[in-house]
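So you can see what is in the structure, the chains are spelled out below.
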Amino acid sequence: MSRAALLVLADGRFPAGGHAHSGGAEPAVAAGRIKDAATLERFCRGRLHTAGLVAAALAAAAAAGCDPLLLDDAADARTPVPALRQVARRLGRQMMRAARATWPDPALDALAAARPRGAHQPVVLGLAARSAGLAPLDAAYAVAYESISGPATATVRLLSLDPFDATAVLAHLAADVDLVARQAAAAAERVATEGIDALPAASAPLLDITAQAHAAWPVRLFAS
Amino acid sequence: MHLDHKDTFPERYTYSAAAPVRPDGTRRALRIGLGGPVGTGKTATVAALCRALRDELSIAVVTNDIYTREDAEFLLREAVLPPERISAVETGACPHTAIRDDISANLEAVEDLEAAVGAEGNGPLDLVLVESGGDNLTATFSKGLVDAQIFVIDVAGGDDIPRKGGPGVTSADLLVINKTDLAPYVGVDLEGMARDAKAQRGELPVAFTALKAENGVRPVADWVRARLAEWTVGPA
Amino acid sequence: MTLALPPRAVRPPAPAPPSAGLHATARIVARADAAGATRLPVLDGDGPLALRRIRAGAGQARVCVVSAMSAPLGGDRLALEATAEAGTALHVTAAAATVALPGRTGETATYDVRLTVGEGARLDWLPEPLISARGSDLRMTTTVELAPTARLVLREEQVLGRSGEETGALRSRLIVRRAGRTLLDQETAYGPGGPGWDTSAVLDGNRALGQLLVVGPEFEDGPAEVRLLGGAPEGQPGDGPGQGVLAPLAGPGALATAVAPDALRLRRLLDEAARAVTG
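Fair warning: this is a prediction, and the values are worked out from it, not measured in the lab.

With 30 residues of chain A at the interface, the matching set in chain B holds 27 residues. Close ionic contact of R93 of chain A with D112 of chain B constitutes a salt bridge, the shortest N to O distance being 2.9 Å. Counting across the interface, chain A meets chain B through 13 residue pairs in polar contact (both at pLDDT 80 or more). Within the residue set of the side of chain A that touches chain B, elements represented by two or more residues are α5 (82-102) and α6 (106-114) of chain A.

Written out as structure tokens, the structure reads:
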């Protein structure tokens, strides 16, 4: 196993489309819920322990070899608003393109053929991690970290927040990322014996509500 | 049953512009990028190109906007192409990232347009124009996204831009210097601009345009025709 | 040389302590008679879960859940099972809100709701809110099994703390399966011990949240239209009228999700969704 592959996969410059998405930060900034580093940190902590945990567990399960189509259905059931399902599939398709060029693998080809419009992004990322020789916990780390680095980077652009402060927020949340990644990997491990229901389904009502509202904004900087 | 997407699409996923053929073995559409600073007339050039070429070629446009889809909406309002031939890529406030560093969304938009236009039964696309949102002088397109790129500047931006250079000015396959009709009003020396451009670009071509004039886009349209002729006879 | 080892206190692993609370399972079965009317051959209350039949219109049976005492208390193990067999229409409401209260031992209470809806049957499951009182610790599960032609209207409301009170710990999972596939799986975890819940990504100071789920074969022909609920101006944490969204699921159903400062304003949002989705 090459740990360096995790750095490649988790790099914010990995060309899989993430730069155009704010992870809910754009509507939160507009509503005044994010206005500085402290409020960014609270927002990120909430997203990490809800949407981040669910996504990390899906990725860990895919990296562990669970059927990606079952995981894709599980992701649908855990994503109640169409705006976020569409975003997850669009980003999944972009991740698939990058992953197939980076770590070619028949398993990626098979999922791409079965979901030509894109599978949910964490499922694709988990499968890409598996193709790169990474462990389920690695995949969980990549997704958990991405669930907060996306909003933090977007907030730097949206609020002209000091980038040092934004990066410090990510560092403050390191212990939370550790916790969520471990929870996610542990849940993924239980899927073999307990079935898909072992995966977490933590919901964040405001992320769902505001994502669907944001999708209808006529003018916005970020796709989501 | 899945209600989010009842329609099925062929699996496409070419990695990049490096693959010149479609899955069926035919040569895919030529992809030309248009970049340049804000307000120089990129969208107007795209609109004029569509009007000049749409009767002879099957064309589609991808826009990369800063705010969602403003350029796409302009093209729709101007009705230069039917709506199904225009696609807007959202760039998270960074068009240069979407056309150079992470081209995944643009590649998907291009492929979806090829699929959508093909599905209409109008035959395959000949030409896809990929327009970047107004950015700075360093913004260039990835070779993974486009086959050739046009950089659009204008005389109102000052006659020192060709001299200053930058990747767009020096390396674009075609440099367009637009709004030549304004030269007398802004005190710009067109011959000096041409000399500076030549110094920066060597043999690479430069086109002076005044889009407001009748057939003002013609030098650009002719250049596109020539690129397309080369592309079509390339190896399948 | 021998080391003097201290005598090892050998203790067998502690058996799961017998729950100090009460165990109760109430059951409702709705069955169609020869004439097609819905009967209730099983209507068994248990412990704090008393069931009362209500007069209903033709073809439908109505049941009201009447809490005979304060429940669930810490340590209680409560379950409520309702089955609407093929071709029936069952409508279940509650007389009052359910309040989760702390028990004497600080043990977790559980409340499991299991709903089954057969072919061509319809279940309206419209209880009153669940209120998490300070110091309480409740794990609730709601599991729904739907036949392919079943219809369901399900409302779920949670209120974090009685008026002016901190919330207890409340973890609730809703799993809805239709024709063997999972249509919806949502878990909420609020209160002490739950990380991240009291943040601007999740509740932003709101203390009431709820869902209204409508499932039925009619959504296969056309998914529900997206509708933002409340039409509230943003940026009024904890004091605005609340906000929500009604949106189609990936399968044939629609879900309204809403948050509000209190139960009253939450119900307004869910009622707006109910009107929108049922026409």
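On to the pairing of strand β4 (residues 127-132) of chain B, then. Residues and elements named next belong to chain B. Within β4, 6 of the 6 residues are buried, leaving the element largely enclosed by the surrounding structure. Judged by which residues are buried, β4 turns out to be covered on both faces: L127, L129 and E131 on one side and V128, V130 and S132 on the other are all buried. Note: strand β1 (residues 30-35) against β4, 5 bridges, orientation parallel. Bridging across to β4, L30 finds its partner in L127. With 6 bridges connecting them, strand β2 (residues 59-65) and β4 associate as parallel partners. Pairing of A60 across the sheet is with V128, part of β4.

Now for the interface of chain C and chain A. As a measure of interface size, the accessible area lost when the parts come together is often cited. Listed as interface residues are 36 residues of chain C and, on the opposing side, 32 residues of chain A. A combined buried area of about 2,700 Å² lies between chain C and chain A, and 59% of that area is made up of carbon and sulfur atoms. The largest contributions to the chain C side of the interface with chain A come from Q186, S200 and A201 of chain C, which together make up 18% of the buried area. Inspection of the region where chain C meets chain A yields 4 salt bridges. Residues D185 of chain C and R78 of chain A are paired through a salt bridge, measuring 3.0 Å at the closest nitrogen-oxygen approach. Between chain C and chain A we count 13 residue pairs in polar contact (both at pLDDT 80 or more) in total. Those elements that provide at least two residues to the side of chain C that touches chain A are β13 (169-178), β14 (181-190), β17 (243-248) and β18 (253-260) of chain C. In terms of residue count, the dominant contributor to the side of chain C that touches chain A is β14 of chain C (9 residues).

To continue, consider helix α8 (residues 190-201) of chain B. All names here are of chain B. The terminal C-alpha atoms of α8 lie 16 Å apart, and with 12 residues this matches the ideal 16 Å at 1.5 Å per residue to within 8%. All of the buried residues in α8 are G192, M193, D196, A197 and R201. Burial along α8 is one-sided: seen end-on, the buried residues are contained in an arc of 150°. Of the exposed residues in α8, those oriented more than 90 degrees away from the buried face are E191, R195 and A199. Turning to α8, the residues buried within the fold contact β5 (148-154), α5 (161-164), α6 (167-171), β6 (174-178) and β7 (206-208). With a side-chain oxygen positioned 3.1 Å from the backbone nitrogen of E191, the residue opening α8 is D189. G202, located one to two residues past α8, shows a positive phi value of around 60°.

Right, let's get into helix α9 (residues 218-232) of chain B. Residue and element names in this part refer to chain B. For α9, built from 15 residues, the straight-helix expectation of 21 Å at 1.5 Å per residue is met to within 8% by its first-to-last C-alpha distance of 21 Å. For α9, the complete set of buried residues consists of V220, A221, W223, V224, R227, L228 and W231. Across the axial projection of α9, the buried residues extend over an arc of 160°, all falling on one side. Looking at the packing, one finds that the buried side of α9 touches β1, α1 (42-53), β4, β5 and β6.

Another aspect to go through is the sheet that holds strand β8 (residues 109-117) of chain C. Residues and elements named next belong to chain C. Within the open sheet, the 7 strands sit side by side as β2-β1-β5-β8-β11-β13-β14. Their pairing is mixed. The sheet is open, and its two edges are formed by β2 (38-44) and β14, each paired on a single side. Shown here is a sheet whose adjacent strand axes are inclined to one another by a mean of 10°, direction ignored. Of the pairings in the sheet, the one linking strand β1 (residues 23-32) to β2 comprises 5 bridges and is antiparallel in character.

Definitions and cut-offs
Residues numbered from 1 in each chain as written. Chains lettered and ligands numbered in written order. Predicted model: local features only at pLDDT ≥ 70, side-chain atom pairs only at ≥ 80, totals over all residues. Heavy atoms only, no water. Contact = heavy atoms within 4.5 Å. Salt bridge = Lys/Arg side-chain N within 4 Å of Asp/Glu carboxyl O. Polar contact = N/O pair within 3.5 Å; in protein donor to acceptor, adjacent residues only side chain to side chain. Helix = DSSP H or I, 4+ residues; strand = E, 2+ residues; numbered from the N terminus. Buried < 20%, exposed > 50% of the residue type's maximum accessible area, 1.4 Å probe, protein only. Pairing = 2+ DSSP bridges. Buried area = accessible area lost by both parts, 1.4 Å probe. Expected span 1.5 Å × (residues − 1). Arc of directions from axis to C-beta. Axes fitted to C-alpha atoms, helices over the stretch in contact; angles between N-to-C directions.

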